[in-house]
Amino acid sequence: MADEIKKEAPQKFKVTIDNISIEVDPGTTILQAARMIGGDVTPPAMCYYTPLQGSGGKCRTCLVEVSKGSEKDPRPMPKLVASCRTTVMDGMEVKNITSDRVLNARAGVVEFLLLNHPLDCPICDQAGECHLQDLSYEHGKAGTRYEFKKRTFKPHNLGPYIQLHMTRCILCYRCVFTADQVTNKRQHGVLDRGDHAQIATYIEKSLDNDFIGNVIDVCPVGALTDKTFRFKNRVWFTKPVDAHRNCDKCCGKVTLWRRGDEVLRVTARKDQWGEIQSYDGKTGWICNECRFEKKNVSDWVIEGPTAVPRHSVIGVNHYQRLEQPKETIPAVIGRQPKLLMDIHEVSDVNQPGVDLSKIPGPATGAVFNQKHLGNGKKEQE
Amino acid sequence: MSPDDVVEEVKKSGLRGRGGAGFPTGMKWSFLAKPEGVPRHLIVNADESEPGTFKDRYLMEHIPHLLIEGIIVASYALGSNTSFIYIRGEYAWIVDILEQAIQEARNNGFLGKNILNSGFDCDIHVQRGAGAYICGEETALLESLEGKRGNPRIKPPFPAVKGAWDRPTVVNNVESISAVVPIINLGGEEYAKIGVGKSTGTKLISACGNINKPGVYEIDMTISVEEFIYSDEYCGGIPNGKRLKACIPGGSSVPILPANLLLKTAKGEQRMMNYESLSDGGFQTGSMMGSGGFIVFDEDQCIVKHTYTLARFYRHESCGQCSPCREGTGWMEKLLWRLENGQGKMSDIDLLWEIQSKIEGNTICPLGDAAAWPVAAAIRHFRDEFEWHVTHAEEAQVRNFGLAHYADPIQPIPA
């Protein structure tokens with residue numbers, strides 16, 4: 001009997017999303033099927049994260065309309081469904097961007113998510129790789145109708161590596177699932193209810209598990225940030241390269257976010273949906289040592305530039321095909337330009353002697369104080 | 001009787017779930033998955049927290065043995081050897097009553113191993129909730145029962161397939177399980193003769209608000225709403241001879257109805273105290289039987305104030321798991337506070353309408369709908385009152401509500 005089952009060809013389910021048909025394995029969710037098609041028919045997802053079991057269904061950004069249930073039962077589903085948690089049926093027809101109901105509901109969800117989320121992108125470390133930023137750009141409105149004070153939280157220190165900005169949190173639960181499923185002990189979770197719910201450690205504990213740094217990677221907004229990278233640079237000024245090292249704790253495959261020869265940040269490698277990639281059938285979670293301690297290029301074997309297929313400002317770094325602009329000044333004036341002023345002689349900022357990746361916290365004025373450095377102009381005076 | 005015979009009798013009785021949704025109980029039981037070697041559970045939902053609903057409390061407080069007998073019969077039908085009563089934390093004293101009744105049943109051989117030499121084992125555990133309205137939602141109840149945060153689960157899978165500890169589970173209201181006893185004693189068909197249409201059996205109604213005799217009433221669902229409010233047998237009319245303004249007929253989560261639509265349907269027929277009649281015309285002109293929390297408002301009551309009170313409740317009780325409910329309920333509460341306190345704008349009313357429409361149907365569990373429907377119905381039927389709060393800001397600020405300030409909602413039904 002078992003052999004007979006094995007011999008049967010795997011049955012595929014046909015699903016049509018926004019008039020585009022695809023055949024997928026049974027058990028595939030609508031969202032996964034849409035991602036296989038790609039492009040605009042893919043619903044956004046703020047809380048769903050493929051490697052995390054049980055995630056999804058909470059943010060409601062991926063709601064879609066099922067206009068035909070299946071070949072056997074063609075009745076439409078009465079309510080919009082969360083595409084990340086609804087599996088396809090054979091002959092199912094789904095409307096995403098072709099449904100006014102969906103677009104209307106999604107605009108509502110974006111508005112709800114932005115009610116209390118501060119629009120502090122100019123100072124947020126997640127700017128440029130924030131899923132909520134992308135979502136609000138694609139489905140949000142220019143203005144807000146919310147006239148009340150936004151919800152704020154007191155700063156909550158989570159230990160040496162991770163900073164929690166609860167005010168920015170959209171309660172997607174991804175970090176809770178990560179801590180539950182990736183680390184051997186979860187020390188944080190959701191406290192309280194409703195719009196006063198918060199991610200917290202109950203009694204000001206620090207998150208110091210070997211793999212807890214992964215909560216930074218899964219956070220879709222800037223609620224959980226890397227203390228070793230905070231305020232060091234904007235992501236679009238850094239160049240991501242794939243690298244690896246032999247690590248006895250994790251897969252050791254990472255993306256280095258570099259500025260020149262400096263390694264400003266280390267993250268796990270992500271796919272086009274912002275999710276951690278898998279290697280050899282295992283999810284590529286990385287350990288704290290790789291993420292926070294290995295900030296020298298010499299620690300790593302560089303594989304090459306990271307492909308950034310995701311539609312984001314990081315994509316502006318098309319440095320793989322960088323062409324040097326033609327020098328126009330010598331062509332016009334007939335000689336090389338003279339150096340009239342070296343900015344480092346008059347300004348303390350961005351001194352070449354300061355290795356941003358090595359300083360423990362954000363780069364403040366004190367870091368660039370030349371007297372403090374002991375090698376600047378002021379000291380010479 | 002075999003377990004299947006019991007299920008069949010409950011099906012024949014036409015009993016509809018008394019927790020609020022009104023889903024046929026027998027059908028729910030027949031959906032229970034029965035995989036080999038996997039235990040199944042019956043869980044009694046005694047987390048009665050809906051404002052205006054206090055009927056299960058009466059049953060448990062005064063006739064706990066009826067519930068326990070119902071649980072034993074239902075457990076036999078469903079093959080549940082371990083059943084639970086999940087009770088709201090605030091009903092602390094009822095826990096003692098139930099525990100005592102369970103012990104009495106155990107002492108008399110009605111619970112435990114090999115009940116009455118039938119070969120059937122069953123035990124009942126009482127589990128106290130920590131006092132969250134959301135834990136009355138069946139999947140949140142299961143999470144809480146398992147010792148986790150009471151967040152609703154995404155369905156499917158339904159509890160009948162994957163419930164408590166991933167085992168097939170049936171969750172039923174206290175009143176539904178208590179009704180199993182008369183169904184088995186009378187027979188399903190005989191029980192179905194009580195009531196009318198698909199509203200079979202009797203129903204407990206917890207009546208409160210501006211009525212002379214608030215309390216819990218067992219009704220045959222053939223009586224009219226008018227009779228229920230005004231007859232001496234039931235509510236005994238409205239105090240001080242005041243006029244009826246509105247009523248929430250099925251617990252705070254169902255739409256409010258103005259007097260004219262409460263006493264008569266949109267077709268001009270008399271509105272009856274049953275599932276079909278109360279929902280006649282959908283939410284445009286009807287409401288729901290819900291859990292039977294019957295809240296009456298006289299002509300002096302301010303609908304904006306009461307809508308704000310309900311919005312405050314739902315905001316506080318939202319679990320915060322999904323964004324429309326978490327953020328939307330808070331936003332509605334703030335807008336209603338502003339309107340109620342004479343600081344609102346005319347555009348706030350339309351904004352409220354739009355917010356509730358974005359919440360309804362888009363959330364994981366029905367709490368979003370429960371928060372949205374009262375607001376929608378209040379605006380639909382009492383928009384003039386919301387506008388009055390904007391145009392008469394000073395009077396609203398000093399809480400000088402009511403007393404014929406508003407347009408009279410008690411209009412004759414158009415022919």
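What you are looking at is a predicted structure, and each value in this text was computed from that prediction instead of being measured.

A tally of helices and strands in chain B yields 17 helices and 11 strands. Relative to a compact globule of 415 residues, whose C-alpha radius of gyration would be 22 Å, chain B shows 22 Å and is just as compact. Taken along the three principal axes of its C-alpha coordinates, chain B extends 70 × 45 × 35 Å. Buried positions account for 60% of the 415 residues belonging to chain B. Intrachain contacts of chain B at a sequence separation of at least 6 include 67% that bridge at least 24 residues. Summing over all exposed atoms, chain B offers an accessible surface of approximately 15,900 Å²; the carbon and sulfur share of this is 52%. Distance from the positive charge centre (40 side chains) to the negative charge centre (52 side chains) of chain B: 4 Å.

All right, on to the domain arrangement of chain A then. In terms of domains, chain A is made up of domain 1 (11–113), domain 2 (151–226), domain 3 (235–315) and domain 4 (343–380). The C-alpha centroid of domain 4 of chain A is placed 33 Å from the C-alpha centroid of domain 2 of chain A.

As a further point, take the environment of S75 of chain B. Residue and element names in this part refer to chain B. If you trace the backbone, S75 turns up in helix α4 (residues 64–78). Residues S75 and V170, spaced 95 residues apart in sequence, show a C-alpha to C-alpha distance of 9.6 Å. When near neighbours in sequence (up to four residues on either side) are disregarded, S75 contacts L42, S80, S83, F120 and C122.

For the rest of this paragraph, the subject is the packing of aromatic side chains. Enumeration over the complete set of coordinates arrives at 17 aromatic pairs over all chains. Note on F228 of chain B and Y234 of chain B: the rings are 5.3 Å apart at their centroids and 40° apart in plane angle, and the pair reads as tilted. On the accessibility criterion, F228 of chain B (0% relative accessible area) is buried. Three or more aromatic residues joined by ring pairs make a cluster, and in this case those are F112, Y146 and F148 of chain A together with W331 of chain B. Lying over the aromatic face of Y279 of chain A, K253 of chain A brings its terminal NZ or CZ to 5.4 Å of the ring centre. The side chain of R88 of chain B reaches across the aromatic face of Y91 of chain B, ending 5.2 Å from its centre.

Once that is clear, we can look at the confidence of the model for chain B. Regions with low pLDDT should not have their predicted coordinates read in detail. Residue and element names in this part refer to chain B. Summarising the model, chain B shows a mean pLDDT of 92, and 96% of its residues fall at 70 or more. Every residue in residues 403–407 scores below 50 in pLDDT, and together they form 11 contacts with partners more than four places removed in sequence or on other chains. Counting interchain partners and residues more than four positions distant, the pLDDT-below-50 stretch residues 411–415 has four contacts. Under the prediction, the complex receives an ipTM of 0.90, its pTM being 0.89.

Before going further, it helps to examine the pairing of strand β13 (residues 262–268) of chain A. Residue and element names in this part refer to chain A. Extensive coverage of β13 is indicated by the burial of seven of its seven residues. Both strand β12 (residues 253–259) and β13 contribute to a ladder of six bridges, which runs antiparallel. Opposite L256, over in β13, you have V266 as the bridge partner. Between the end of β12 and the start of β13, which pair antiparallel, lie two residues, with G260 showing a positive phi angle near 60°.

What follows covers the nonpolar core. Formed by 58 residues in total, the largest nonpolar core has its most connected members in I43, I134, I256, W331, L352, I355 and F386 of chain B. Ranked by the residues each element gives to this core, the list is headed by helix α16 (residues 367–391) of chain B, at 11 residues. When near neighbours in sequence (up to four residues on either side) are disregarded, I256 of chain B contacts A246, C247, I248, F297, I303, A377, A378, H381 and F382 of chain B. Listed in part, the 57 residues of the second largest apolar core include L158, C219, V221 and V263 of chain A.

With that settled, the discussion passes to the confidence of the model for chain A. Summary statistics for chain A give a mean pLDDT of 87 and a share of 91% for residues scoring 70 or more. Here residues 376–381 of chain A scores under 50 on pLDDT; set against residues more than four positions off or in separate chains, the count is eight contacts.

What follows concerns the interface of chain B and chain A. Facing 34 residues of chain B, the contacting portion of chain A comprises 34 residues. The junction of chain B with chain A conceals about 2,900 Å² of combined surface from both sides, 51% of it contributed by carbon and sulfur atoms. Our enumeration of links across chain B and chain A arrives at seven salt bridges. For E147 of chain A, the salt bridge identified is with K345 of chain B, shortest N-O distance 2.7 Å. Where chain B packs against chain A, one counts 19 residue pairs in polar contact (both at pLDDT 80 or more). Here the side of chain B that touches chain A takes 10 residues from helix α14 (residues 323–340) of chain B, the largest share from any one element. For the side of chain B that touches chain A, the per-class residue count stands at 11 nonpolar, 12 polar and 11 charged.

Definitions and cut-offs
- Residues numbered from 1 in each chain as written.
- Chains lettered and ligands numbered in written order.
- Predicted model: local features only at pLDDT ≥ 70, side-chain atom pairs only at ≥ 80, totals over all residues.
- Heavy atoms only, no water.
- Helix = DSSP H or I, 4+ residues; strand = E, 2+ residues; numbered from the N terminus.
- Rg over C-alpha atoms; globule rule 2.2 N^0.38 Å.
- Buried < 20%, exposed > 50% of the residue type's maximum accessible area, 1.4 Å probe, protein only.
- Contact = heavy atoms within 4.5 Å.
- Areas by Shrake-Rupley, 256 points an atom, 1.4 Å probe, with all protein chains shown as cover.
- Lys, Arg positive; Asp, Glu negative; His and termini not counted.
- Charge placed at Lys NZ, Arg CZ, Asp CG, Glu CD.
- Domains from an automatic or database assignment.
- Phe/Tyr/Trp six-rings, centres within 6.5 Å; stacked < 30°, edge-to-face > 60°.
- Lys NZ or Arg CZ within 6 Å of the ring centre and 35° of its normal.
- pLDDT = per-residue confidence, 0-100.
- Pairing = 2+ DSSP bridges.
- Core = buried A, V, L, I, M, F, W, Y, C linked by side-chain atoms within 4.5 Å.
- Buried area = accessible area lost by both parts, 1.4 Å probe.
- Salt bridge = Lys/Arg side-chain N within 4 Å of Asp/Glu carboxyl O.
- Polar contact = N/O pair within 3.5 Å; in protein donor to acceptor, adjacent residues only side chain to side chain.
- Nonpolar A, V, L, I, M, F, W, Y, C, P; charged D, E, K, R; others polar.

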